[in-house]
Amino acid sequence: MIMSDTSIQPDYAALATAPVCADPFPHVVVPNFIRKDDLPRLFASLPDIQSGGSFPPSALTLSPLMQSVVQAMEGPELRRIIAEKFHLNLDHAPTMLTIRGRTREKDGRIHTDSLAKRVTVLLYLNPAEKESWQKQEGCVRLLRGPHDVEDYAKEVPPVDGTLLIFPNGPTTWHGHRQFVGQRYTIQLNYMTEDARARSELRRHQLSAMAKKFSLPGIGG
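A tally of helices and strands in the protein chain yields six helices and eight strands. When the helices and strands of the protein chain are placed in sequence order, the string is α-β-α-α-α-β-β-α-β-β-β-β-β-α. Within the protein chain, buried positions represent 48% of all 220 residues. Expressed as a percentage of contacts within the protein chain between residues at least 6 apart in sequence, the contacts between residues at least 24 apart total 81%. Split by element, the accessible area of the protein chain, about 10,700 Å² in all, is 52% carbon and sulfur.

Structure below.
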């Protein structure tokens, strides 16, 4: 594979061969979807995000390397493999992509995602060496119910280009132990095509404009 200073090719083959796990709901985990050799330069090029919350790419100043990852996440190959793996038709599903750089006290509470989001895709971009991950802080858990973050079937440390994918539903409960600090995640959602999804996408676009022009150190 030819290395490039400005682009990254995710490990689509690893995703294609990864098993779909059923407990506690259908999901796929792919360690090193961003290959180990690519991680140091990607970590070095992450955007400087000093605020909590989710940022559309247009609200951030992204390096060419980070832009290539965003393009890959929104690209046809990832869409095709996910559709095949979960037996979904995603041909015309709109996408919504956001980037997080910091986690706050209130983040990670047990929840299910909006039903306007058909599929949630999470790419974690944090070095594995952080002590907090080893203490299970900030590690996303796929839960058996809505009441206890310790009642989990799978725990996914948010590290080293790990990819987590699951179709949404009324019982796709997830969350994590409290963590405050730097924690980079790219979240991609394949949306439904109904009025609820259109409304959420409009809010997303308005939020992008507001964040681009109002946050110091972020945007143009």
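Here we come to the pairing of strand E8 (residues 181-191). For E8, the tally of buried residues reaches 10 of 11 residues, placing the bulk of the element in the interior. Two elements, strand E2 (residues 95-103) and E8, share eight bridges in a ladder whose sense is antiparallel. Paired with Thr98 across the two strands is Gln187, which belongs to E8. Taken together, the seven bridges between strand E3 (residues 117-124) and E8 define a ladder with antiparallel strand orientation. Directly across from Thr120, in E8, lies its bridge partner Asn189.

Turning to helix H4 (residues 76-86), its buried residues are Leu78, Arg79, Ile81, Ile82, Ala83, Lys85 and Phe86. Within two residues after H4, His87 carries a phi angle of roughly 55°, on the positive side.

Further remarks concern helix H3 (residues 64-73). The buried count for H3 comes to seven of 10 residues, which makes it a mostly enclosed element. Turning to H3, its buried residues are Leu65, Met66, Ser68, Val69, Val70, Ala72 and Met73.

About the criteria used
- Residues numbered from 1 in each chain as written.
- Predicted model: local features only at pLDDT ≥ 70, side-chain atom pairs only at ≥ 80, totals over all residues.
- Heavy atoms only, no water.
- Helix = DSSP H or I, 4+ residues; strand = E, 2+ residues; numbered from the N terminus.
- Buried < 20%, exposed > 50% of the residue type's maximum accessible area, 1.4 Å probe, protein only.
- Contact = heavy atoms within 4.5 Å.
- Areas by Shrake-Rupley, 256 points an atom, 1.4 Å probe, with all protein chains shown as cover.
- Pairing = 2+ DSSP bridges.

These figures capture arrangement, not role.
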